[in-house]
Structure formats: C-alpha cells, structure tokens
Amino acid sequence: MYFLRRLEEYRTAKQRLAWEGSFREYLEIVRKNPHVCRLAHSRLYDLITAAGVEEVNGQKRYCFFNRELFGLDRTLEKLVEEYFHPAARRLDVRKRILLLMGPVSGGKSTLVNMLKRGLEEYSRTDEGALYGIKGCPMHEEPLHLIPRELRGEFQEEYGIHIEGELCPACRLRLETEFSGGIEEVPVERVLFSEEKRVGIGTFTPSDPKSQDIAELTGSIDFSAITEYGSESDPRAYRFDGELNIANRGMMEFQQMLRTIQHSCCRSRLAVSAKHRQVQRNAFTLSV
Ligand SMILES: Nc1ncnc2c1ncn2[C@@H]1O[C@H](COP(=O)(O)OP(=O)(O)OP(=O)(O)O)[C@@H](O)[C@H]1O
Ligand SMILES: [Mg+2]
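Note that the structure is predicted; figures quoted are calculated from it, not measured. (Residues numbered from 1 in each chain as written. Chains lettered and ligands numbered in written order. Predicted model: local features only at pLDDT ≥ 70, side-chain atom pairs only at ≥ 80, totals over all residues.)

Quick word on the overall build of the protein
Here is the rule we go by: For the purposes of this entry, the term helix denotes a DSSP run of H or I that reaches at least four residues, the term strand denotes a run of E that reaches at least two, and both are numbered from the N terminus. It is over C-alpha atoms that the radius of gyration is taken, and the globule rule equals 2.2 Å times the number of residues to the power 0.38. Any residue with 12 or fewer other C-beta atoms within 10 Å of its own C-beta is exposed, any with 20 or more is buried, and the rest are partly exposed; the C-beta atoms used are placed from the backbone.
Within the protein, the secondary structure is distributed over 12 helices and 11 strands. For 287 residues, the compact-globule formula gives about 19 Å, and the C-alpha radius of gyration of the protein, at 21 Å, lands near that figure. Seen through its principal axes, the protein has C-alpha atoms that stretch 55 × 55 × 50 Å. Taking all 287 residues of the protein together, the buried fraction comes to 24%.

Things to note about the nonpolar core
This is how the line gets drawn: Nonpolar cores are identified as sets of buried Ala, Val, Leu, Ile, Met, Phe, Trp, Tyr and Cys residues joined via C-beta atoms within 7 Å. Residue ranges for the domains trace back to a domain assignment, done automatically or taken from a database. Two residues qualify as a contact pair if the distance between their C-beta atoms, derived from the backbone, is within 7 Å.
Core analysis: the largest hydrophobic core is formed by 45 residues, its most contacted members being Leu44, Ile48, Phe84, Leu119 and Met250. Mapped by element, the contributors of at least two residues to this core are α2 (23-32), α3 (40-50), α4 (73-88), β4 (97-101), α5 (108-122), β5 (130-133), β6 (186-190) and β10 (250-253). Counting residues per element, this core draws most heavily on α4, at six residues. Taken together, domain 1 (33-128) and domain 2 (130-190) each give at least three residues to this core, which thus spans both. What phenylalanine 84 contacts, discounting residues up to four positions off in sequence, is His41, Leu44, Tyr45, Ile48 and Leu79.

Some details on the domain arrangement of the protein
Structurally, the protein comprises domain 1 (33-128) and domain 2 (130-190). Here the C-alpha centroids of domain 1 and domain 2 sit 28 Å apart.

What about the pairing of β6?
Cut-off, in case you're wondering: We treat two strands as partners when DSSP finds at least two bridges between them.
In terms of strand pairing, strand β1 (residues 20-22) meets β6 through three bridges, oriented antiparallel. Residue pairing across strands places glycine 21 opposite valine 187, the latter belonging to β6. Across four bridges, the pairing between β5 and β6 is antiparallel. Directly across from leucine 130, in β6, lies its bridge partner valine 190.

Focus: the packing of α3 against α4
Here is the rule: Every axis in this analysis is a line fitted to C-alpha atoms, fitted for helices over the stretch in contact. Angles between the N-to-C directions lie between 0 and 180 degrees. Oblique is the label for any angle not under 35 degrees, not over 145, and not in the 65 to 115 range, which are roughly parallel, roughly antiparallel and roughly perpendicular in turn. Crossing handedness is read from the near helix: turned anticlockwise from the far helix by less than a right angle, it gives a left-handed crossing, and turned clockwise, a right-handed one.
At a minimum axis separation of 7 Å, α3 and α4 run at an interaxial angle of 130°. Regarding the angle of α3 to α4, the classification is oblique. α4 is crossed by α3, and the crossing has left-handed handedness. Residues His41, Ser42, Leu44, Tyr45 and Ile48 of α3 lie in contact with α4, whose contacting residues are Val80, Phe84, His85, Ala87 and Ala88.

What about the sheet that holds β1?
What holds strands together in a sheet is hydrogen bonding between their backbones, with the strands either parallel or antiparallel. Strand order across the open sheet formed by three strands is β1-β6-β5, with antiparallel pairing between neighbours. Edge positions in the open sheet fall to β1 and β5, since each of these has one partner strand only. Across this sheet, the average inter-strand angle for adjacent strands is 35°, counted without regard to direction.

Let's talk about the site of ligand 1
As a reminder of what qualifies: We call a residue near a molecule or strand when its C-beta atom, built from the backbone, sits within 6 Å of it. Each residue gets one of three labels, nonpolar for Ala, Val, Leu, Ile, Met, Phe, Trp, Tyr, Cys and Pro, charged for Asp, Glu, Lys and Arg, and polar for the others, Gly among them.
Around ligand 1 sit 13 residues in total, of which Gly106, Gly107, Lys108, Ser109 and Thr110 are the nearest. In the shell around ligand 1, the residues fall into four nonpolar, seven polar and two charged.

Some points on unusual backbone geometry
One non-glycine residue, histidine 139, adopts positive backbone phi at about 45°. When you line up the elements, histidine 139 lands in the loop between β5 and α6 (151-158).

Some points on the environment of methionine 101
Looking at the element boundaries, methionine 101 is found in strand β4. Through-space distance from the C-alpha of methionine 101 to that of glutamate 163 is 31 Å; in sequence the pair is 62 residues apart. Those residues within four positions of methionine 101 in sequence are excluded, and the remaining contacts are Thr284, Ser286 and Val287.

Brief notes about α3
Among all positions in α3, only His41, Arg43, Leu44, Tyr45, Leu47 and Ile48 are buried. Where α3 is buried, its residues meet β3 (59-62), α4, α5 and β10. Where α3 terminates, the next one or two residues include glycine 52, which has phi positive at roughly 105°.

Digging into the environment of glycine 21
Structurally, glycine 21 can be placed in strand β1. The class of glycine 21 is partly exposed, set by 16 C-beta atoms lying within 10 Å. Residues glycine 21 and isoleucine 220 lie 199 residues apart in sequence; the distance between their C-alpha atoms is 31 Å. Setting aside residues up to four positions removed in sequence, glycine 21 forms contacts with Tyr26 and Val187.

Observations concerning the environment of tyrosine 122
Relative to the elements of secondary structure, tyrosine 122 occurs in helix α5. Look at tyrosine 122 and you get buried, because 20 C-beta atoms sit within 10 Å. In sequence terms tyrosine 122 and alanine 282 are 160 residues apart; their C-alpha atoms lie 26 Å from each other. Each residue touching tyrosine 122, except ones within four places of it in the same chain, is listed here: Leu47 and Gly128.

As structure tokens, then:
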C-alpha cells in the first residue's frame, strides 16, 4: 500500500513540474526570475556552486563532486575556476569543448555522469528551471522570438541580453502558424532527461565505416521533401542529432580522439595533426 501511495505522490510531483503557457506569460516569469534564461555554462556553474564550496588549506573543494570523486580537488578547482566560471561570464573559453584526458578508470566518465545527473535534477528545481518553445525539437529559448531590432529595448526594460537566433523550424512556425504573433507562441517548461533525449546528448562511436554524421547533426527527411517541395524547407529536416537534442544542456562525446584516429587513417602524421587541431580548440583537463 505504501508503495502505491509513493507512486501517486511521484505522479503528482511530476504533474506539478509541468508548465505550459504563452510567450506573454513566459515574459512574466522572466521578469520575476531572470535566471530562467541563463546560458548552459552558467546553469552548470550555478549547479556546481549551489552545492557549496569549502576551503581546506587554501585549496577549494566543490561539495557537488564530494559524493563520488576523491583526491581530484586540484583538477576540479581548475575545471570550475578556469572553465565553468569564465564560461558562465560569457568569456571566450565557452567556445571551447571540454576535453577530459587521463588514464583508464581515472574518473572521466564519473565526472561527466555527475554533471548529467546533476543537470537533470537541477532542471526540476525552482533555481534551475528553464523553458523552451513548445514543439521545438531543440527546446529553443523563447526569447529568441524577439526580433533583433527590439532586443536593445528589451534589454533596457528587463536587463537581459539575448544571444542567438531562432531555429529555422521555429521561424517557419512563427510565420505560418502564428502569423508573426510572438506573444501567443506556446512555451513549456523543459525538464532535462538523457533517457528522453531532452537537453542531454551522448555520442558513442560505433563502427567507423558505417557511422553517420547524421547521428550528430540530424538529417534530411527524404519522405518529407515530396510533401514540402524543397530540401531547404525546415520541415524536411530532422533536428534529431545528438547535438540538436543537447541544445541548452550538455553533450558527451565519448572517445573523441579515438574516433578521429579511425576516421582519418591516411597516415600517422594526419592523425596527430588532427589531434593537435582538436586540442587547440578544446579546454584540456587532465583527470
Ligand atoms: N577520483 C576518484 N574517486 C572515486 N572513485 C573513482 C575516482 N576515479 C575513478 N573512480 C572509480 O573508478 C571507476 C571507473 O571510473 P570511470 O569509469 O569514471 O573512469 P574513466 O576515466 O571514464 O575510464 P575509461 O578511460 O576506461 O573510460 C568508477 O567506479 C569510479 O567510481
Ligand atoms: Mg569512461
């Protein structure tokens, strides 16, 4: 009996989290709590620091990692202070991917999984709540609906800088379904879930010969081309790659350097040149 009651409580809690409204209502939420439109790095940084920071002998210790990772205080301090913190402040390091390098069983996957699970839980709290355009395959930030010309005025009134453009699918819907009526576009609360492929993506390399780039980027839906008449119609594109669904959250790319090795087997020189290129564009953390 107790378990059945727990099931009911679980369902009620889930229903309580669901929110749907119009863009007009979303603006009210933004006014009361501007945190809802943070960018991904900023949300991750807040998630980590919200668990608390201790200082032992001048060494910072982030309690968020305490439960599963031991003896990596220096590495984790570097990760938070040199990557997440500046990235949260929109400095250029955010354009880099985070490359974790280290020996087998060094804790790399543990670290990534903690961030993924943390993000899922955080998006279910009031502090970590976020919202997206309902029906958008990439859970797009609704503020992207605001035209570029009006963003300056929006910033003056709300104190929020809007970054990024509307995705092609939403742009088309705005014109065809809502005739440009931004206020009425439906918005919903986004709850990150790796299982449901919302906001958390994972790319696991398989056979390099049969692996398709579409797993990352999505692909053209050939059956829809006949209906919409053109390859460039957003309705004829499936935005279902790992990079698409990971929008607003995080994406794990497993065995990245090994994948390059397989896909670029012309020569050892070419492979190491590719490795160097990836590392130049990454923030490398030795775990
Ligand atoms: N610093 C650590 N503190 C506590 N446990 C650790 C630490 N590093 C690794 N482990 C444990 O070792 C096991 C393997 O770790 P994990 O899978 O995260 O390693 P990895 O770096 O991803 O290895 P691989 O290179 O094989 O993918 C896990 O059970 C993890 O809990
Ligand atoms: Mg691993």
